[in-house]
Amino acid sequence: KAGVTQTPRYLIKTRGQQVTLSCSPISGHRSVSWYQQTPGQGLQFLFEYFSETQRNKGNFPGRFSGRQFSNSRSEMNVSTLELGDSALYLCASRTSGGPTDTQYFGPGTRLTVL
Amino acid sequence: AQSVTQLDSQVPVFEEAPVELRCNYSSSVSVYLFWYVQYPNQGLQLLLKYLSGSTLVKGINGFEAEFNKSQTSFHLRKPSVHISDTAEYFCAVSKAQGGSEKLVFGKGTKLTVNP
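Residues numbered from 1 in each chain as written. Chains lettered and ligands numbered in written order. Predicted model: local features only at pLDDT ≥ 70, side-chain atom pairs only at ≥ 80, totals over all residues. Heavy atoms only, no water.

### Digging into the state of the cysteines
Evaluated as defined, the whole model comprises 2 disulfides over all chains. Covalently, Cys23 of chain A is tied to Cys91 of chain A through a disulfide, its sulfur atoms 1.7 Å apart. Every disulfide takes its handedness from the sign of the S-S torsion; for Cys23 of chain A and Cys91 of chain A that torsion is -50°, giving left-handed. Linking Cys23 of chain A in strand E3 (residues 19-24) with Cys91 of chain A in strand E9 (residues 87-94), this pair joins segments that are 68 residues apart in sequence. One disulfide in the model links Cys23 of chain B with Cys91 of chain B; its S-S distance is 2.0 Å. Classification of the bridge connecting Cys23 of chain B and Cys91 of chain B rests on its S-S torsion, roughly -65°, and on that basis the disulfide is left-handed. With Cys23 of chain B in strand E4 (residues 23-26) and Cys91 of chain B in strand E10 (residues 87-95), this residue pair connects regions lying 68 residues apart in the sequence. For Cys23 of chain B, a relative accessible area of 0% translates into the label buried. (Disulfide = S-S within 2.5 Å. Helix = DSSP H or I, 4+ residues; strand = E, 2+ residues; numbered from the N terminus. Buried < 20%, exposed > 50% of the residue type's maximum accessible area, 1.4 Å probe, protein only.)

In structure tokens, the structure reads:
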């Protein structure tokens, strides 16, 4: 089976712009979660989608949003970018989204905000 | 809320030496525990997880971890490390209830294996 894929792998944006990141989960996985990884804050949970519905959300401002499509692919959007949004954004998928299900991570999208 | 503390930010060891990476957690409810590894420029890969049952959990690449409820710890061990084990290791917890539980990660431990 193909793993979790994320596109693009690298992005450079300037402050004030918006960005959309894409995640394709493992075939058959219906849950997709997003995490932000920075040197200062570490790995922080952004949100989780299951069957096109957001069912869990982390403590991030409303500039961070996401959605999931009927084929389970997910996108996250960050509007009005700030320097502090520079990070590695990781997507993870799992089968049903239960806590015992293993989350499989993609390679991440590295976003640099100038 | 859950929290995870990884007591060492960096651990240097020599090849073929044993290693222990320490992890302590805090939670008012039952949790599941995980160790992930991240190689440079890659995502996270699950090494092992504790859900229930035997407190000694064996994972991939020769790693194992022991769950200690009284000490709220989940330390990762390997009896003999290789150069290829050089990576960053993350301990994580999630609540053992509910339908959708996020992973809460520690800040990570960078393991460097020297020849």
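### Quick notes on the sheet that holds strand E8 (residues 74-78) of chain A
Residues and elements named next belong to chain A. Taking strand neighbours across the sheet as the criterion, the 4 strands line up as E1-E3-E8-E7 in an open arrangement whose pairing is antiparallel. Edge positions in the sheet fall to strand E1 (5-7) and strand E7 (64-68), since each of these pairs with one other strand and no more. On average, each strand axis in the sheet is inclined to that of its neighbour by 20°, with strand direction left out of account. Relative to E8, E3 is paired through 5 bridges, and the arrangement is antiparallel. (Pairing = 2+ DSSP bridges. Axes fitted to C-alpha atoms, helices over the stretch in contact; angles between N-to-C directions.)

So far we have only geometry, and geometry alone does not tell us how the molecule works.
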